[in-house]
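# Survey of secondary and tertiary structure
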Amino acid sequence: MRSTGIRRTLVALGAGALTLTACGSSGDEAADGKTRITVNCMPPRSAEVDRRFFEEDIAAFEKENPDIDVVPHDAFPCQDPKTFDAKLAGGQMEDVFYTYFTDARHVVDINQAADLTPYVDELKSYKTIQPQLRDIYTVDGKVYGIPRTGYSMGLIYHRALFERAGLDPDRPPTTWAGVRDAARRIAALGDGTVGYADYSAQNQGGWHFTAELYSRGGDVVSADGEKATVDTPEARAVLRTLHDMRWKDESMGSRQLLVINDAQQMMGAGKLGMYLAAPDNIPILVKEKGAEYQDIAIAPMPGGRATLIGGDGYMFGRNASPEQIRAGLKWLDHMFLTPGDGFLGDYARAGRNDAPVGLPEPRLFTGAADERDQRAKEAHANVPVENYQSFLDGNQKLEMKIEPPHAQQLYSVLDGVVSAVLTKEDADIDRLLKDASGKIDGILARG
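Presented here is an overview of the structure given in this document. (Residues numbered from 1 in each chain as written. Predicted model: local features only at pLDDT ≥ 70, side-chain atom pairs only at ≥ 80, totals over all residues. Heavy atoms only, no water.)

At their nearest, the axes of helix α2 (residues 48-64) and helix α12 (residues 322-335) sit 10 Å apart, and the two run at 125° to each other. Judged by the inter-axis angle, α2 sits oblique to α12. Between α2 and α12 lies a crossing of right-handed hand. Facing F54, D57, I58, A60, F61 and E64 of α2, the residues of α12 in contact are A327, K330, W331, H334 and M335. For the contact of α2 with α12, the class distribution of residues is seven nonpolar, one polar and three charged. (Axes fitted to C-alpha atoms, helices over the stretch in contact; angles between N-to-C directions. Helix = DSSP H or I, 4+ residues; strand = E, 2+ residues; numbered from the N terminus. Parallel < 35°, antiparallel > 145°, perpendicular 65-115°, else oblique. Left-handed = near helix turned anticlockwise from the far one by under 90°. Contact = heavy atoms within 4.5 Å. Nonpolar A, V, L, I, M, F, W, Y, C, P; charged D, E, K, R; others polar.)

As a further point, take unusual backbone geometry. For the peptide bond that leads from E361 to P362, omega is 0°, which places it in the cis range. Looking at where P362 falls in the secondary structure, it is placed in the loop between α14 (347-352) and α15 (367-379). One non-glycine residue, Q202, lies in the positive phi region at around 55°. Unlike most non-glycine residues, H406 shows phi in positive territory, near 55°. Locating H406 in the fold gives a position in the loop between β12 (399-402) and α17 (407-423).

As a further point, take the state of the cysteines. Under the definition given, this model contains one disulfide. Paired through a disulfide, C41 and C78 show a sulfur-sulfur distance of 1.9 Å. Measuring handedness by torsion sign, the sulfur bridge of C41 and C78 sits at about 75° and is right-handed. Pair noted here: C41 is in the loop between β1 (35-39) and α2 and C78 is in the loop between β2 (68-72) and α3 (84-89), with a separation of 37 residues, a long-range link. You can call C41 buried: its relative accessible area is 0%. (Disulfide = S-S within 2.5 Å. Buried < 20%, exposed > 50% of the residue type's maximum accessible area, 1.4 Å probe, protein only.)

Together, E250, E425, D426 and D428 give the surface a local cluster of negative charge. Residue placement: D428 occurs in the loop between α17 and α18 (429-446). (Patch = residues over 30% accessible without salt bridge, like charges linked within 9 Å, V, L, I, M, F, W, Y side chains within 5 Å. Areas by Shrake-Rupley, 256 points an atom, 1.4 Å probe, with all protein chains shown as cover. Salt bridge = Lys/Arg side-chain N within 4 Å of Asp/Glu carboxyl O. Lys, Arg positive; Asp, Glu negative; His and termini not counted. Charge placed at Lys NZ, Arg CZ, Asp CG, Glu CD.)

See the structure below:
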């Protein structure tokens, strides 16, 4: 699933998701001889500051590249799963279009993506991007897209509640047994305080189940993507922990079938100790839900094995001309892929406009490019970066794993498993996993 605020400035200002309109290119050459490209995911007019940043950056790009005309489109959301395939098939998608990581292979499989391999060396930043993110858009050795942002899951926790419960907020739990113990102690504070919350509706329960399974060394599907791998000891351990926290410890509260907004509301109100999320949740908790930056911290995924990663990038329509591809790659470099600059990296500009600077993600680059980006971020940090250090340190030891194929369909199946465990004390975990395994096999068999 997408994260909830990976676009730093937009989330900080509480403006909602970035957006697009479905409108294909009107040709690769404008009347004045310029190469014209249509692009999407421009912030909506309701996000005044981000819209201005985006327009400023496009204007600066066109000034530097007077032979290129960039035509941005916006609507809601950046990628609407209900219309995405229809727009692709109908030739209504922009020349340079936004995708979630999980859709990259699908776009290639339906033959709607341009092969960027002959041109990718012209993207100055390409070799500085983290290899595991580049690989997401590489199919059979060919490059079909460019990553723009990435996130990884961690354990968000409330430092003030940790202190009240006699826990050390500088030493968050690193195992699921530790999470269970901390949740029990936080819930014991009473007055409606919940130790640990998890999602179990709108496919979000399946998403978190997958993340928790990864953290224990398990997986949802086999390496070849053909068989379910949820009827396993690792999966039973995930569900048994949730069951026991809910029913034996009573540390998850009685209200269930939660979604992300529920957890954010509780955390912002100081009534929740821990939940799983990415760092982009932190400004939402502060800007929209009433929390204070000094109270919110993030640790790496408990379990010590792996963490779920996600993110987004841009692909090019299969009918894009070589000139449009070259122009689009230049635009991506300028807008998103220059360390310490552009729409996502101009930290000085972000700070001047009350956006958080210093969150531990996205961390897109490697080597010298990453060092430049981190130095620029550090110079303009306006949040308590020490609250995120354990997340940064711990992530270095975890395997980074992308979401499974057919993620939303699989999450729908797994939602039912998690919701049953959290709403029925006598839920049969073995039966639930066996049934889910059969349903997932059916989804995978249909392709």
